[in-house]
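Below, each chain spelled out in residue letters.
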Amino acid sequence: MKSNIRYVNNKDNIQKKELLELIKKHINKYKTDNVTIGASFFYELLLYSKYIIEREKLDYSKIINGQVEELIPFLKEKYSEIIIGRGLVSCFVKYKIYEIIRKIAFEDYEISIYKDRVLDAYIENNKKYLLISNYDIPYINHPNVDICDINSTKYKLFKNQLLDEILGIKREYFNISNEINIKKYDSIIYINDGKKYIDAKEYVVKKHKIVSDIFMICKYSDISNYSDTFETIETIMIDKDKTYIKFCKKNPYKNKDLNDLKISIKELSKVNDNNLKKIIKSNEEINNISVLVSLENIKNNNHRIGFTNYTKGIDIDQNKVLRLIDYNKSITKKIRELDDEISNKIDRMIVR
């Protein structure tokens, strides 16, 4: 019987942590030379071995006890796709990594994925998406999402395709953007919540030469005071420390009165998962959740992205708060500059 799948965050993947420790012990116990393949390589190999054993109905007990003749041909065929593959399968036997299969034989798979509740609610099963990220992200478990990553290594691509096979997912991967037929996608998903923020226009449009509707995921701290144009923004959604911006391919405000067209700003932090999809699709104003804001209003608020900035009935002096925020930013900048200057002078003194 095929094992079930448990999707987890990296930090929650207890199964992976335990397997990596067992793999390290086996390598240290059985290695006879200075050449050692990292434990992480064997981790995926163990998952794939479990998948093959279940798919082909092989005998677990025989394999655990070293009778791997039926299993190895399947591993060699799969791992022939990568340079390290032959040596990896050889060391799988040499270091008796197959014995660790005992640990996961009757456990469900634990697969680390990119978990984001708003993204999960945004993606619709009957639509097709292309996902782009400006940094290395965990596995994406949505079958209707193709992946474009020009920075991905060959082994990362191999790992993703291995997991696709285990999960029965068939999708396309791209590392050269001009191979992509953008017309077949309903939307571009741009994951931009890594260490370095790069605006959608800079990374998706200019770098990948992709002009389309874009759904950008980023940190709220990166865009709380958005410096780029709002003219192609349809919706802004805020969920705790993350922000989601829906850009339109064409400017919806062109040749129209700016006061008649509005951006929907939604505060999703207190919206439960069951209602999330409905709220995301809605274009209506909803008390304490969604507000429609004109471009003129956003301009008057110094292009700040927030929910309470634009809701009625707030009994505080917003202009005073905004001035304090700007002043704080100015002081913080001067402190950083002074700190850099002091550090440089100390460095020169030490060198001398």
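The paragraphs below set out a description of the structure included in this document. Since the structure is predicted, the reported quantities are computational estimates derived from the model, not experimental observations. (Residues numbered from 1 in each chain as written. Predicted model: local features only at pLDDT ≥ 70, side-chain atom pairs only at ≥ 80, totals over all residues. Heavy atoms only, no water.)

1. Looking at the overall build of the chain
Thinking step 1. Regarding its fold elements, the chain presents 13 helices and eleven strands.
Thinking step 2. Here the chain holds 352 residues, and the buried ones make up 44% of them.
Thinking step 3. For the chain, long-range pairs separated by at least 24 residues make up 69% of all intrachain contacts whose partners lie at least 6 apart in sequence.
Thinking step 4. Of the roughly 20,400 Å² of accessible surface on the chain, 50% is carried by carbon and sulfur atoms. (Helix = DSSP H or I, 4+ residues; strand = E, 2+ residues; numbered from the N terminus. Buried < 20%, exposed > 50% of the residue type's maximum accessible area, 1.4 Å probe, protein only. Contact = heavy atoms within 4.5 Å. Areas by Shrake-Rupley, 256 points an atom, 1.4 Å probe, with all protein chains shown as cover.)

2. Quick look at the environment of Tyr43
Thinking step 1. Take Tyr43: it is sitting in helix H2 (residues 39-56).
Thinking step 2. Apart from residues lying up to four places away in sequence, Tyr43 is in contact with Asn13, Lys16, Leu19, Leu20, Ile23 and Glu110.

3. Concerning the pattern of salt bridges
Thinking step 1. Tallying each qualifying case throughout the model produces 23 salt bridges.
Thinking step 2. For Lys24, the salt bridge identified is with Glu21, shortest N-O distance 3.9 Å. Remark: Glu21 and Lys24 occur in helix H1 (residues 14-30); sequence separation between them is three residues, near one turn of the helix.
Thinking step 3. The exposure class assigned to Glu21 is partly exposed, which follows from its relative accessible area of 44%. (Salt bridge = Lys/Arg side-chain N within 4 Å of Asp/Glu carboxyl O.)

4. Some thoughts on the packing of aromatic side chains
Thinking step 1. Taken as a whole and assessed by the stated rule, the structure comprises 13 aromatic pairs.
Thinking step 2. Between Tyr79 and Phe158, the aromatic rings sit 4.9 Å apart at their centres with planes inclined by 65 degrees, giving edge-to-face as the arrangement. Of this pair, Tyr79 sits in helix H4 (residues 72-79) while Phe158 sits in helix H8 (residues 154-167), and the two are 79 residues apart along the sequence.
Thinking step 3. An aromatic cluster of at least three residues, connected via ring pairs, comprises Phe41, Tyr48, Tyr51, Tyr79, Tyr155 and Phe158. (Phe/Tyr/Trp six-rings, centres within 6.5 Å; stacked < 30°, edge-to-face > 60°.)

5. Structural notes on the environment of Met216
Thinking step 1. Structurally, Met216 is set in strand S7 (residues 214-219).
Thinking step 2. Sequence separation between Met216 and Asp193 is 23 residues; the distance between their C-alpha atoms is 9.1 Å.
Thinking step 3. Sequence-distant contacts of Met216, defined by excluding residues within four places in its chain, comprise Tyr190, Asn192, Tyr197, Ala200, Thr243, Tyr244, Ile245 and Phe247.

6. Observations concerning H4
Helical geometry: 3.6 residues make up each α-helical turn, so side chains three or four residues apart lie on a common side.
Thinking step 1. If you check which residues of H4 are buried, you get Ile72, Leu75, Lys78 and Tyr79. An end-on view of H4 places all buried positions within 130 degrees of arc, on one side of the element. In H4, the exposed residues that point more than 90 degrees away from the buried face are Lys76 and Glu77.
Thinking step 2. As for H4, its buried residues are in contact with H2, helix H5 (85-94) and H8. (Arc of directions from axis to C-beta.)

7. Here we look at the side chain of Arg171
Thinking step 1. In this fold, Arg171 is placed in the loop between H8 and strand S5 (173-174).
Thinking step 2. Of the polar contacts made by the side chain of Arg171, one reaches the side chain of Tyr139; its length is 3.2 Å.
Thinking step 3. For Arg171, the side chain forms a polar contact with the side chain of Asp164, separated by 3.2 Å.
Thinking step 4. When neighbours within four sequence positions are excluded, Arg171 is seen to be in contact with Tyr139, Ile140, His142, Pro143, Val145, Asp146, Ile147 and Asp164. (Polar contact = N/O pair within 3.5 Å; in protein donor to acceptor, adjacent residues only side chain to side chain.)

8. What to know about H5
Thinking step 1. Residues of H5 that are buried include every one of Gly85, Leu88, Val89, Cys91 and Phe92, and no others. Buried residues of H5, seen end-on, are gathered within an arc of 165 degrees and therefore sit on one face of the element.
Thinking step 2. Contact partners of the buried residues in H5: H2, H4 and helix H6 (101-104).
Thinking step 3. Positive backbone phi, approximately 55 degrees, marks Lys96, located one or two places after H5.

9. Some details on the packing of H1 against H2
Describing two packed helices takes the angle between their axes plus the distance from one axis to the other.
Thinking step 1. Relative orientation of the contacting elements H1 and H2 amounts to 115 degrees, with a least axis distance of 9 Å. H2 is crossed by H1, and the crossing has right-handed handedness. For the pair H1 and H2, the contacting residues are Gln15, Lys16, Leu19, Leu20, Ile23, Lys24 and Ile27 in the first and Ala39, Ser40, Phe42, Tyr43, Leu46 and Leu47 in the second.
Thinking step 2. Per-class residue counts for the contact of H1 with H2 are nine nonpolar, two polar and two charged. (Axes fitted to C-alpha atoms, helices over the stretch in contact; angles between N-to-C directions. Left-handed = near helix turned anticlockwise from the far one by under 90°. Nonpolar A, V, L, I, M, F, W, Y, C, P; charged D, E, K, R; others polar.)

10. Side note on the pairing of strand S2 (residues 109-112)
Two faces make up the sheet, and in a regular strand the side chains alternate between them.
Thinking step 1. Because side chains alternate across S2, one face comprises the buried residues Tyr109 and Ile111, and the other comprises Glu110 and Ser112, equally buried.
Thinking step 2. Direction of pairing for strand S1 (residues 5-8) relative to S2: parallel, over a ladder of four bridges. Bridged to Ile5 within S2 is Tyr109. (Pairing = 2+ DSSP bridges.)

11. Thoughts on the sheet that holds strand S3 (residues 129-133)
Thinking step 1. Taken together, nine strands build an open sheet; the order of strands is S5-S4-S3-S6-S7-S9-S8-S10-S11 and the sheet is mixed. The open sheet has two free edges, formed respectively by S5 and strand S11 (290-294), since each of these has just one partner strand.
Thinking step 2. When strand S8 (residues 233-239) meets strand S10 (residues 262-267), the two strands line up parallel, connected through four bridges. By the bridge assignment, Met237 is partnered in S10 with Lys266.

12. Describing the pairing of S8
Thinking step 1. The buried fraction of S8 is high, at six of seven residues.
Thinking step 2. A loop of two residues connects S8 with strand S9 (residues 242-247), the two strands running antiparallel in sequence, and Lys240 in this loop sits at a positive phi of about 60 degrees.

13. Focus: the nonpolar core
Thinking step 1. Counting residues in each nonpolar core, the largest one holds 72 residues, and the members touching the most others are Phe42, Phe92 and Ile101.
Thinking step 2. Discounting residues that sit within four places of it in the chain, Phe92 has contacts with Phe42, Leu45, Leu46, Ser49, Leu71, Ile72, Leu75, Ile97, Tyr98 and Ile101.
Thinking step 3. Core analysis: the second largest hydrophobic core is formed by 32 residues, Phe174, Ile180, Cys218 and Ile305 among them. (Core = buried A, V, L, I, M, F, W, Y, C linked by side-chain atoms within 4.5 Å.)

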